[in-house]
Structure formats: C-alpha cells, structure tokens
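Observations on the three-dimensional arrangement
Here are the chains, one letter per residue:
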Amino acid sequence: MVWLRRDLRLRDNVALARAAAAADGVCAAFVVDPGLLASPRIGAPIVSAFFAALNALRSELREAGSDLAILTGDPVREIPAFARSIGAGAVFFNVDYEPAAIARDERVTRELREHGVEAHNSLDHVVFGAEESAKPDGSPYKVFTPFKRAWLNLWYAGPRSPVESLRAASRKWLPASALGETDGVPSADRFGFEPFNVPGMSEKHAARALDRFAADGGMRRYAHDRDFPALDATSHLSPHLRAGTIGIRTCFARAFECGGDVWTNELIWREFYQTVLRRYPSVVDSAFVANGDRIPWRKPGAEFDAWCEGRTGYPIVDAAMRQLNETGWMHNRLRMIAASFLTKHLLIDWREGERYFEQHLLDADLAQNNGGWQWSASTGTDAAPYFRIFNPVLQGQKFDPDGAFVRRYIPELRTVPDKAVHAPWKAGGVSGYPAPIVDHAAARARALTAYAAVLGR
C-alpha cells in the first residue's frame, strides 16, 4: 500500500516505485484529515488544488482498473485500519519535512508496526536529503551560496533521474474490488471553505506546463523575463510541486537538459528552504536570527487590512495583493515587494503576512513561504540585510515600466499615463483609488530605527 500525501502522482514517485518493487500487488490511498483542514494555516485555494489533483489521480487509477482509496479521519487510525482491511504487509510513503508531518508519520509508523505491518519511508520531495546536503562536519548550511555549491557537487557526482514508478506499478495494481468501499473526493465547502476555481491540477497538466516552459528557449529567457510580472515568463509549476503532481527530479532533469541555469537556481532555493525547515524546525514559529523576535512589530489593524485588500495606495503592492486574492497565485518578484512593504513600511510582523499567504496561495508550502517571508523581513537564514527596503514606486517603474500589470488588476488606473501609474498621487490622485497609507521616506526611517535597535547597525 502506498500512502500518498504531497505526492499526488504516479510518475517519478519514489514510494510507489519501492512498493512496486517489493510486492506483487499495489494500491494507493489518501487520507482527508479534518483536523489538518481545520488549521489556520490552510486556505480554500490549496484545499481546492489538492482535491482537484485527487480527482484527476483517481480517474487515472480507475482507467487502469484500480482505484484511489479515499479515507477520512485521523491518519493514525485510518492508515493502519485500511492496511489491515486489505491485508497489506507494508505501507510505503514519502517523507515530509514539516514538523507536524514528521510527528504524525512517527505515530502512524508505530501503530502499523504494532499490528505487524511494515512501514517504509522514502525521500521524494527533495533531491538530496537534509543530512546529505550538509557540511563535511554534518552541520547544516545557513547561507544559500555554499549550500548551492554543495548541492551541485552532489548532483554532478551522482545525478538522480526521475524514477520509473508508473512502469513498475502498471501490472501490479490491485483491482478496485479488492479495496472495498471508500469515500469520494470531497468538495471544499464540506469543510467550510469557499469554492475556489483551480485550473488544471493533474499530472498531465503539470507535464504540459513543463513542456511549455522548456519550449523555444523559455527556460533561458526566464533569466531575464522572470522579474516582469506582466510577462507570462514563469513555469507556473509551483502549485504542482506543492501538491506533487510533478516530481522534483523531473524538473531538475529538464532544467539541466535545457540549460535553464537561473530556473535551476530557483529549484535549489526550494531545496535549501526545505533543508532549513528540517534542520531548524523552530523557524515555523520564531525568527531564525538572534534577537529577531525582539523587533518591535506594530499591531495589525487598518493598515494590515488595506495591505490584504490591495488598498495601500502603492499600485505595485496593491496589484500584487489583488492578483493573490483573485487567482491564488502571486508572481515571485511581487511576493518580495509585498512582503517587504508589510514588514518594513508597515512594520507588521512577518508571521501575519506569512499566515495570510498560507490562506490564499494555491502553492502554500510551509518551507518556501516561511523562508521567503523571513528573508524579506531580514529575520531568516541568509536573509536580506535589514536596511534593504524596497521602494515600491521604483520597483514598479523598473519591473512594470508601462504599468501593464498594474492596470490588469487595478482598473481605477487604466487611464493614468505611464509616467504616473506607479505614483498616481503625484499627478493629483485618481478617483476611487486611495492615497498612500504611509510615506515611503518616513516608513523607511522608522523601520531602520526599529531594526537597528535590535539587530545592530
């Protein structure tokens, strides 16, 4: 039996490949955990994304004559019970570096073994494990650049290709009748989430997105085009990597094949943040840097609400937040700008923004989201120096020079001339669009004073 979690695919799946190699019959199961869905870290977009991916995966398994067993409840109870009901001798699953997931998996493993069922975990969601990519003395890297060098040395010494899991399992699927009656894939509203439209969450859609991104030099153009949100220049694979509808080895293999050096670098950042989470689980709730939790954050209030709703008066920030609220996704450059604005201009705790992103992103991933927010807030490992404070006007002028992206999400500014679109108050303001909620120069000075008092000069 293969217990699927953040790996909703049949191809390039290590746990599935190992299960198929070990047994004559294989089946797959997923647990819908109401306790997990009640977490404030979970939002409608990612729930809808996972449920859409589950529906696609179940359809593919049914076409193969098997099924995806959908279980509802606490995995500590559901996984052992289902394994016993079908006579499984072993349960295979891929590890997850989130602290809560590690604790859950340990409990499930103990329960399985108490009932005579073997439990086998596999590394799958990163290429190299947290211990493999460590320093020679076994300690973890805290800075990205040396981590990247070590990671690349591991890759060149022994690249890890996509695993042929589907081929290995194709003739070993248990028939649907052997699984008995299990639940259907629920709708998000069953658990209190508003409906959220998720386009194309499946292995096939992920593979097409990767093919599109690799075609005609797209990965090479990414090096230049990736910072311009008006361009469709990114891979759009982050929701697929989060739900696991594509394997990370598949992505790296294509990146190296196509010469996508900058995209490869971004994938290694993903490995870095996953490793940080595994080796320093305290980052979930606390600042990584010494004294980082002593920064005198201001209480969220009306300004935080304005940031959430895209009403700060700074067009590039507002367009970014409206993109997030409408689509469940935000361009990476904009994530940095929006996070910098909240933590530096408004001096609001990065955890407030992190939580808002978790509740609104299709690709909400604890390691990546936490790493990005702590980087922007200058509280994390390898963080931006605290005196790096993005000027939202200059950022807009540099990366959206004609205002095409801003106008896409802020219709109030569609008739504003290009030269004024990122600072409409300088042209007398625009009816229906707010004035800036904070002055850039004053906010910057306030942030520098607050940070310097805690982190030093």
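Whatever comes next refers back to the structure up there.
These figures come from a predicted structure and were not determined experimentally. (Residues numbered from 1 in each chain as written. Predicted model: local features only at pLDDT ≥ 70, side-chain atom pairs only at ≥ 80, totals over all residues. Heavy atoms only, no water.)

**A few points about the layout of surface pockets**
Here the largest pocket is characterised by a volume of approximately 1100 Å³. Taken together, 36 residues line the largest pocket, and the ones lying closest to its centre are Glu266, Trp269, Asn332, Arg335 and Gln368. Elements supplying a minimum of two residues to the lining of the largest pocket: α10 (238–243), α12 (261–279), α15 (332–345) and α17 (366–376). Considered as a void within the structure, the second largest pocket measures approximately 850 Å³ in volume. Lining of the second largest pocket is provided by 33 residues; of these, Leu36, Ile42, Glu98, Arg104 and Arg242 occupy positions nearest its centre. Broken down by secondary-structure element, the contributors of at least two residues to the lining of the second largest pocket are β1 (2–4), β2 (28–32), α2 (34–37), α3 (44–63) and α5 (99–114). Sorting elements by how many residues they give to the lining of the second largest pocket places α5 first, with five residues. Looking at the lining of the second largest pocket, its residues break down into 19 nonpolar, two polar and 12 charged. (1 Å grid on protein atoms, 1.4 Å probe; cavity = no way out; pocket = protein on both sides within 12 Å on 5 of 7 lines; lining within 4 Å. Points joined across faces, edges and corners; volume = space filled by probe spheres on them. Helix = DSSP H or I, 4+ residues; strand = E, 2+ residues; numbered from the N terminus. Nonpolar A, V, L, I, M, F, W, Y, C, P; charged D, E, K, R; others polar.)

**Some details on helix α8 (residues 203–214)**
Spanning 12 residues, α8 covers 16 Å between terminal C-alpha atoms, matching the ideal 16 Å at 1.5 Å per step. Among the residues of α8, Glu203, Ala206, Ala209, Leu210, Phe213 and Ala214 are the ones counted as buried. End-on, the buried residues of α8 take up no more than an arc of 130°, which puts them together on one face. Those residues of α8 that are exposed and angled more than 90 degrees off the buried face are Lys204 and Arg212. Looking at the packing, one finds that the buried side of α8 touches α3, α9 (218–225), α10, α11 (248–258) and α12. (Expected span 1.5 Å × (residues − 1). Buried < 20%, exposed > 50% of the residue type's maximum accessible area, 1.4 Å probe, protein only. Arc of directions from axis to C-beta. Contact = heavy atoms within 4.5 Å.)

**Points about the environment of Pro401**
As for its placement among the helices and strands, Pro401 is situated in the loop between α18 (392–399) and α19 (404–409). When the C-alpha positions of Pro401 and Asp418 are compared, they lie 7.5 Å apart, and in sequence the two are 17 residues distant. Filtering out sequence-adjacent residues up to four positions away, Pro401 remains in contact with Phe228 and Gly396.

**Describing the nonpolar core**
Counting residues in hydrophobic clusters, the biggest one holds 126 residues, and the most contacted among them are Trp151, Trp263, Trp307 and Phe357. When residues of this core are assigned to their parent elements, the largest contribution, 10 residues, is made by α3. For Trp263, the contacting residues outside a window of four places in its chain are Leu210, Phe213, Met219, Tyr222, Ser235, Leu237, Cys251 and Ala255. If you look at the next biggest cluster of nonpolar residues, it comprises 19 residues, including Trp3, Ile79, Ala88 and Val108. (Core = buried A, V, L, I, M, F, W, Y, C linked by side-chain atoms within 4.5 Å.)

**Some points on the packing of α11 against α12**
Relative orientation of the contacting elements α11 and α12 amounts to 150°, with a least axis distance of 9 Å. When the axis of α11 is compared with that of α12, the two are roughly antiparallel. For the element pair α11 and α12, the recorded crossing hand is left-handed. Residues Ile248, Cys251, Phe252, Ala255 and Phe256 of α11 pack against Trp263, Thr264, Leu267, Ile268, Arg270 and Glu271 of α12. Per-class residue counts for the contact of α11 with α12 are eight nonpolar, one polar and two charged. (Axes fitted to C-alpha atoms, helices over the stretch in contact; angles between N-to-C directions. Parallel < 35°, antiparallel > 145°, perpendicular 65-115°, else oblique. Left-handed = near helix turned anticlockwise from the far one by under 90°.)

**Digging into α17**
Burial analysis of α17 places nine of its 11 residues in the buried class, the great majority of the element. Taken residue by residue, α17 has Leu366, Ala367, Asn369, Asn370, Gly371, Trp373, Gln374, Trp375 and Ser376 as its buried positions. In this fold, the buried residues of α17 make contact with α5, α12, α13 (302–309), α15 and α16 (350–360). Just downstream of α17 lies Ser378, where phi reads positive at about 65°.

**Description of the pairing of strand β3 (residues 68–72)**
Most of β3 sits inside the fold, with four of its five residues counted as buried. Pairing of β2 with β3 involves five bridges; the strand directions are parallel. Paired with Phe30 across the bridge in β3 is Ile70. (Pairing = 2+ DSSP bridges.)

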